[in-house]
Amino acid sequence: MKRALVSVSDKSGIVEFCQKLNENGYQIISTGGTLNELVSSGVDAVDITEVTGFPEILDGRVKTLSPYVHGGLLYRRDLDSHKAQIAEHNIQAIDLVCVNLYPFEAASASGDLEMAIENIDIGGPSMIRSSAKNYKDVIVVTSPSDYSRVITAIETDNVTASLKANLGAKAFRMTARYDAIISNYLTEHIGDEEAESITLTYDLNEQLRYGENPHQQASFYTRIGGTNTVECCEVLHGKQLSYNNIQDAQAALDLLSEFTAPTVCAIKHMSPCGVGIGATIDTAWDKAYASDPVSIFGGIVVTNQEINAAVATKMSEIFLEVIIAPSYSAEAFAILSQKKNVRILKLVENAKPVAKMYKSVGNALLVQDVDNVNNYDLDFECVTKKPVTDEQLEQMRFGQSVVKHVKSNAIAIVKDNQTVGIGGGQTSRIASSEIALKQARAAGATNDLILASDAFFPFDDVVQLAHEYGVTAIVQPGGSMRDQDSIDKCNELGITMVFTKTRHFKH
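**Q** Please provide a residue-by-residue account of the nonpolar core, values included.
**A** Membership of the largest hydrophobic core comes to 49 residues, with the highest contact counts inside it found for I14, F17, L21, I28, L38, L96 and C98. Core analysis: the second largest hydrophobic core is formed by 40 residues, F220, V322, L378 and F398 among them.

This is the structure in structure tokens:
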């Protein structure tokens, strides 16, 4: 008779699985709550203590850590020396292990450290690892999603080497994921900022049609825990998000998180192309659209307000890839969903902020804190003879919040809580400034403009150019060896300049 060791926290489908094992000649060995559920449901199962000859102790912390368990899992059936030792010590083979683990994820989310620690499974991962190491001889099942295919293989006498290898690899992925969650939780709990290694775990969200280009294969993996990221949004309408959609949508959500007033942000190729703040979403949309009515075509639009019918009608007049909002009126949704290809997403509520960002560099990884600096909280310093007004200061904070999300060298021209020109991703600051200022002039914005820069000016050329395009105030971090040149040029031209003392590079 073959033997199966079954001990699960997630008991979905376990009774039916074990009934099928019984029918196919397996004796079930089980523990604690799993045993009770199986026996009460009519499954023929025996207590693990009958195998180990030792009772559960320490409130169940020790029950399967026994040579009668691990010897039965680890011995190689093709080695005579292993067979002899097993026989000498009266250990019996265990041919199948069905184990899933204590719910550490849920326990750690409670914020109760003691509860989290008590939900660190020891015996479960040990049994999984032992059986997975010996996958050639032992079937290891770690997920209810595999019950059906395992039973089918047993019933058809088709338990192949490839199936057992596949299950073994999956088992090690499971324990690696579990250990990563625990190590990250405890590392964060003690505040260790200089850990000698990090282990990140991501779950497959979905296979994508392709990557940045059709010849590139791509997948979308997500980290554990709700955050203010695109995977937490609910897709209400439209086809699957693409690789580029996901990147653009995330950039839009990051930008939107800067603002609390009614705001609409338009993103194209991961960079803002229009941002507007208004008393209502209607005025916010009009400002965002007017910022750059060319680039918004085929873009991503996100807002922190419910979309009404009037705004939906305006949106429907152009091609948008993705629309994200906290809610939609029934009429607005009916209007927008007439276009089958537009993706309509609903913002998640009570999202948690992201604390760290990770960027691959070849086979290495860069890790840094997210730039969560709120420009509305910073102490800005006026460094010119011409003082800054309260209205200018408000626009400067708006401009800095936008430019923070533009690729360096980044320049944003703003007026009346609207972007009128954006330039970025250039190899010189003057080139970005020319792009932004020409865009502002083309939009008819020619006076009382605010120029926001993500980093300091190495020369006074940006100040001179800005003056020629109607800029009356500039906000930048300061910190250049030649700051005084720019200050002097502002004083000469009657421009107000404010230093933020906080750089917002985005490479």
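Next comes the rest of the write-up.
**Q** Can you break down the sheet that holds strand 5 (residues 139-141) residue by residue, with the values?
**A** Two strands in a sheet stick together by hydrogen bonds in their backbones, pointing the same way (parallel) or opposite ways (antiparallel). If you walk across this open sheet you meet the five strands as 3-2-1-4-5, and the pairing is parallel. Taken across any chain shown, the strands that pair with only one partner, and hence form the sheet edges, are strand 3 (45-47) and strand 5. Neighbour-to-neighbour, the strand axes of this sheet turn through a mean angle of 20 degrees, independent of strand direction. Pairing between strand 2 (residues 26-30) and strand 3: three bridges, direction parallel. Looking at the pairing, I29 lines up with V46 of strand 3. Where helix 10 (residues 161-190) meets the sheet, its contacts fall on strand 4 (96-99) and strand 5, and the angle it forms with strand 5 comes to roughly 45 degrees.

**Q** Could you give an account of the pairing of strand 9 (residues 263-268), with specific residues and numbers?
**A** Of all the six residues making up strand 9, five are buried; the element is thus mostly covered by neighbouring parts of the structure. Inspection of the sheet shows strand 9 paired to strand 10 (residues 271-277) by six bridges, in the antiparallel sense. Along strand 10, the bridge assignment pairs K268 with S271. The turn joining strand 9 and strand 10, which pair antiparallel and follow one another in sequence, is formed by two residues; a positive phi near 55 degrees is taken by H269. The pairing of strand 9 with strand 11 (residues 299-303) spans four bridges and is classified as antiparallel.

**Q** Kindly report on the pattern of salt bridges, identifying the contributing residues and their values.
**A** In the structure shown here, the tally under the stated rule is 16 salt bridges. Notably, a salt bridge pairs E155 with K20, separated by 4.0 Å at the nearest N-O pair. Taken together, the residues E155 in helix 9 (residues 147-155) and K20 in helix 1 (residues 14-23) connect sequence positions 135 residues apart. R177 is the salt-bridge partner of E105, the closest N and O atoms lying 2.9 Å from each other. Linking E105 in helix 6 (residues 104-109) with R177 in helix 10, this pair joins segments that are 72 residues apart in sequence. By relative accessible area, E105 is classed as partly exposed at 34%. R177 sits in the partly exposed class, given a relative accessible area of 23%. A network of salt bridges, in which partner residues are shared, links K20, E23 and E155.

**Q** Outline the side chain of N245, supporting the account with residue identities and numerical values.
**A** Checked against the element boundaries, N245 lands in helix 11 (residues 243-256). Assessed through its relative accessible area of 4%, N245 is described here as buried.

**Q** Let's hear about the sheet that holds strand 21 (residues 496-499): which residues, and what values?
**A** A sheet is described by the order of its strands in space; here six strands give the open sequence 16-21-20-19-17-18, paired in mixed fashion. The outermost strands of the open sheet, each flanked by one partner alone, are strand 16 (381-382) and strand 18 (419-423). Sheet topology places strand 17 (residues 411-414) next to strand 19 (residues 449-453); four bridges connect them, and they run antiparallel. Opposite A412, over in strand 19, you have A452 as the bridge partner. Contacts between helix 16 (residues 429-442) and the sheet are confined to strand 17, strand 18, strand 19 and strand 20 (471-476), with strand 18 contributing the most and set at about 150 degrees to the helix.

**Q** How would you summarise helix 13 (residues 309-316) if you had to cite specific residues and measurements?
**A** Taken together, the buried positions of helix 13 are A309, V311, A312 and M315. The buried residues of helix 13 occupy an angular sector of 160 degrees when the element is viewed end-on, so they sit on one face. Between the side-chain oxygen at the start of helix 13 and the backbone nitrogen of A310 there is a gap of 3.2 Å, and the oxygen is on N308.

The rules behind each value
Residues numbered from 1 in each chain as written. Predicted model: local features only at pLDDT ≥ 70, side-chain atom pairs only at ≥ 80, totals over all residues. Heavy atoms only, no water. Core = buried A, V, L, I, M, F, W, Y, C linked by side-chain atoms within 4.5 Å. Buried < 20%, exposed > 50% of the residue type's maximum accessible area, 1.4 Å probe, protein only. Pairing = 2+ DSSP bridges. Helix = DSSP H or I, 4+ residues; strand = E, 2+ residues; numbered from the N terminus. Axes fitted to C-alpha atoms, helices over the stretch in contact; angles between N-to-C directions. Contact = heavy atoms within 4.5 Å. Salt bridge = Lys/Arg side-chain N within 4 Å of Asp/Glu carboxyl O. Arc of directions from axis to C-beta. Polar contact = N/O pair within 3.5 Å; in protein donor to acceptor, adjacent residues only side chain to side chain.

So far we have only geometry, and geometry alone does not tell us how the molecule works.
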